[in-house]
Amino acid sequence: MVKHKWITTIFLITAILLFSACSKKAPEKETEKPEVKEPKQTEQTEEKTDKYHFPLTGIGTDTEPNQRAVAVTVNNHPEARPQTGLSKADIVFELLAEGNITRFVAIFQSEAPENIGPVRSAREYFIELAEGYKALFIAHGYSPEAKKILTSGVIDNLNGMVYDGTLFKRSSDRKAPHNSYITFENIEKGAEDNGFSMTGPPASMNFYKEDKLESINGNAADHIKVVYGNGSQFTADYQYDVQSGQYSRFSDGEQTVEYQTSEPVLMNNLLVIETEHKVLDSAGRRSIDLTSGGKAYLFQKGIMKEIEWRNTDGQILPYEDGQPAKLVPGKLWVNVVPSLKDVSFEAK
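Residues numbered from 1 in each chain as written. Predicted model: local features only at pLDDT ≥ 70, side-chain atom pairs only at ≥ 80, totals over all residues. Heavy atoms only, no water.

Chemist: Looking at this structure, I do not really get the pattern of salt bridges. What am I missing?
Modeler: Opposite charge on two side chains allows them to pair when their charged atoms are near. Using the criterion set out here, one finds 13 salt bridges in the structure. Linking Glu-98 and Arg-123 is a salt bridge whose minimum nitrogen-to-oxygen distance equals 2.7 Å. Remark: Arg-123 occurs in the loop between β6 (115-116) and α3 (124-132) and Glu-98 occurs in the loop between β4 (91-96) and β5 (102-108); sequence separation between them is 25 residues. Accessibility assignment for this pair places Glu-98 and Arg-123 in one class, buried. Close ionic contact of Asp-281 with Arg-285 constitutes a salt bridge, the shortest N to O distance being 3.2 Å. Residue Asp-281 is classed as partly exposed on the basis of its relative accessible area, which comes to 30%. In this structure, a network of salt bridges that share partners links the residues Lys-88, Asp-90, Glu-111 and Lys-331. (Salt bridge = Lys/Arg side-chain N within 4 Å of Asp/Glu carboxyl O. Helix = DSSP H or I, 4+ residues; strand = E, 2+ residues; numbered from the N terminus. Buried < 20%, exposed > 50% of the residue type's maximum accessible area, 1.4 Å probe, protein only.)

Here it is in structure tokens:
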């Protein structure tokens, strides 16, 4: 009996020890449950950044902007206003032709308007501008000097003197020579027919990052007037709008808009450059120096800076303290004048 009780006692003690050991291991199994990871908040709030930027506007794009620039001589005679396609141009130059009449050289690269015009005749300094952007040059007509350059083959070009009625179409609501237009589709067709490449972008210009735009400083100037000649027909007025951060343009008091839609033509930068002009003949044709550099005004965000301009590999660029000046991302207009005395500005 004593032996039996001893065996029973040993059994009970063993059972108690086993139960105690099992009860101690149970909490350890709770801690071994797989951890549930919450999604990282940084992945949800990460800002989208554009992979590429258009070279002449600094605007972001997801697609590599490899298209070739197209430069078009656009008529600015009062009978040619309002024009078509200017709101889509990355850069527009305004320069004197004969007398006090100005013309535009519109550079398209980031956008392609359906129709452009009225297209007008070429001058040698228009061609010079187009070459700086590696552009296909479009015009309807030419001066004697411009004709020599174009027929020499130094620049790919399509001219209305060759393609009037085919690639270039005449509008019935205006009189010649203020009624020649070309579609972008016909520009591409003309390029294909002539074996002209439509790829190869121009060199990129220098732009502010968005978070640096507030650092622009200078003199307040939200109304700018650029006078060509004694009359008002070719006076260009620019007015800055704080809300949009853009400038609207007026010719002889009438706002510059798209002909068919009345959409305003707006720009983010205005550059006015001073350079030498020379009259060459009795017809008033002239040469304009686009290589020497000189004094300039740069208007951005309602601010004016006195700077200089330089011709850098064919492009007319603003320079500040010896370095390329930054541009606000967006459109650029360039007024070329014989003297900065023809420019006035004020802050309202």
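Chemist: Hey, could you run me through the side chain of Ser-248 in this one?
Modeler: Here Ser-248 shows up in strand β14 (residues 246-251). With a relative accessible area of 14%, Ser-248 lands in the buried category. Beyond its immediate chain neighbours, meaning those up to four positions away, Ser-248 contacts Asp-237, Tyr-238, Gln-239, Gln-255, Val-265 and Leu-266. (Contact = heavy atoms within 4.5 Å.)

Chemist: Help me out: how do you make sense of unusual backbone geometry in this one?
Modeler: A negative phi angle is the norm for most residues apart from glycine, just as the trans form is the norm for most peptide bonds. For the bond from Arg-81 to Pro-82, the omega torsion is -10 degrees, close enough to zero to count as cis. Assignment of secondary structure puts Pro-82 in the loop between β3 (70-75) and β4. Cis geometry is found at the peptide bond from Ala-176 to Pro-177, where omega equals 5 degrees. The residue Asp-321 is not glycine, and still its phi comes out positive at about 55 degrees. Counting through the fold element by element, Asp-321 comes out in the loop between β22 (315-320) and β23 (323-324).

Chemist: Explain the environment of Thr-49 to me, please; I cannot follow it from the model alone.
Modeler: For Thr-49, the location among the structural elements is in the loop between α2 (41-45) and β1 (52-53). You can call Thr-49 exposed: its relative accessible area is 66%. Taking the C-alpha atoms as reference points, Thr-49 and Thr-61, 12 residues apart in sequence, are found 9.2 Å from one another.

Chemist: How should the confidence of the model for the protein chain be read in this particular structure?
Modeler: A low pLDDT score tells you not to read the predicted coordinates there in detail. Looking at the protein chain as a whole, its pLDDT mean stands at 89, while 86% of the residues score no less than 70. Contacts from residues 1-46, a stretch scored under 50 in pLDDT, to residues over four places away or in other chains number one contact. (pLDDT = per-residue confidence, 0-100.)

Chemist: Explain the packing of aromatic side chains to me, please; I cannot follow it from the model alone.
Modeler: We describe a pair of aromatic rings using the distance from one ring centre to the other and the angle between the two ring planes. Scanning the model with the defined rule gives seven aromatic pairs in all. Ring plane angle 55 degrees and centroid distance 6.3 Å describe the contact between Phe-93 and Tyr-133, whose orientation is recorded as tilted. Linking Phe-93 in strand β4 with Tyr-133 in the loop between α3 and β7 (136-139), this pair joins segments that are 40 residues apart in sequence. In terms of burial, Phe-93 and Tyr-133 fall into one category: buried. Pairing Tyr-240 with Tyr-247 gives two aromatic rings, centres 5.0 Å apart and planes at 50 degrees, and the pair type is tilted. Here the two residues Tyr-240 and Tyr-247 agree in accessibility, since each one is buried. Feature note: the residues Tyr-297, Phe-299 and Phe-345 constitute an aromatic cluster, connected by ring pairs. (Phe/Tyr/Trp six-rings, centres within 6.5 Å; stacked < 30°, edge-to-face > 60°.)

Chemist: Sorry if this is basic, but what is going on with the sheet that holds strand β9 (residues 168-170) here?
Modeler: Two orientations exist for strands paired in a sheet by backbone hydrogen bonds: parallel and antiparallel. If you trace the three strands from one edge of the open sheet to the other, you get β6-β10-β9, paired in antiparallel fashion. Two strands in the sheet have a free side with no partner beyond their single neighbour: β6 and β9. Two strands pair when backbone bridges link them, and β9 and strand β10 (residues 180-183) are joined in this way by three bridges, in the antiparallel orientation. By the bridge assignment, Arg-170 is partnered in β10 with Ser-180. Where helix α6 (residues 184-194) meets the sheet, its contacts fall on β6, β9 and β10, and the angle it forms with β10 comes to roughly 75 degrees. (Pairing = 2+ DSSP bridges. Axes fitted to C-alpha atoms, helices over the stretch in contact; angles between N-to-C directions.)

Chemist: I keep staring at the environment of Phe-137 and nothing clicks. Help me out?
Modeler: With respect to the helices and strands, the residue Phe-137 is situated in strand β7. When neighbours within four sequence positions are excluded, Phe-137 is seen to be in contact with Ala-71, Thr-73, Ala-122, Phe-126, Ile-127, Ala-130, Leu-150, Ile-155, Asp-156, Asn-157 and Leu-158.

Chemist: Got a minute to help me understand α3 in this structure?
Modeler: Side chains that are three or four residues apart share a direction in an α-helix, a result of its 3.6 residues per turn. Along α3, the positions that sit buried rather than exposed are Tyr-125, Phe-126, Ile-127, Leu-129, Ala-130 and Gly-132. Positive phi appears at Lys-134, one or two residues downstream of α3, with a value of about 55 degrees.

Chemist: How should I be thinking about the environment of Ser-180 in this particular structure?
Modeler: Relative to the assigned elements, Ser-180 resides in strand β10. Ser-180 gets classed as buried once you look at its relative accessible area, which sits at 1%. Taking C-alpha positions, Ser-180 is 9.6 Å from Ala-139, a pair spaced 41 residues apart along the chain. When residues no more than four places from it in sequence are discounted, the contact partners of Ser-180 are Ile-116, Gly-117, Pro-118, Val-119, His-140, Phe-168, Lys-169 and Arg-170. In terms of polar contacts, Ser-180 uses its side chain to reach the side chain of His-140, at 2.7 Å. (Polar contact = N/O pair within 3.5 Å; in protein donor to acceptor, adjacent residues only side chain to side chain.)

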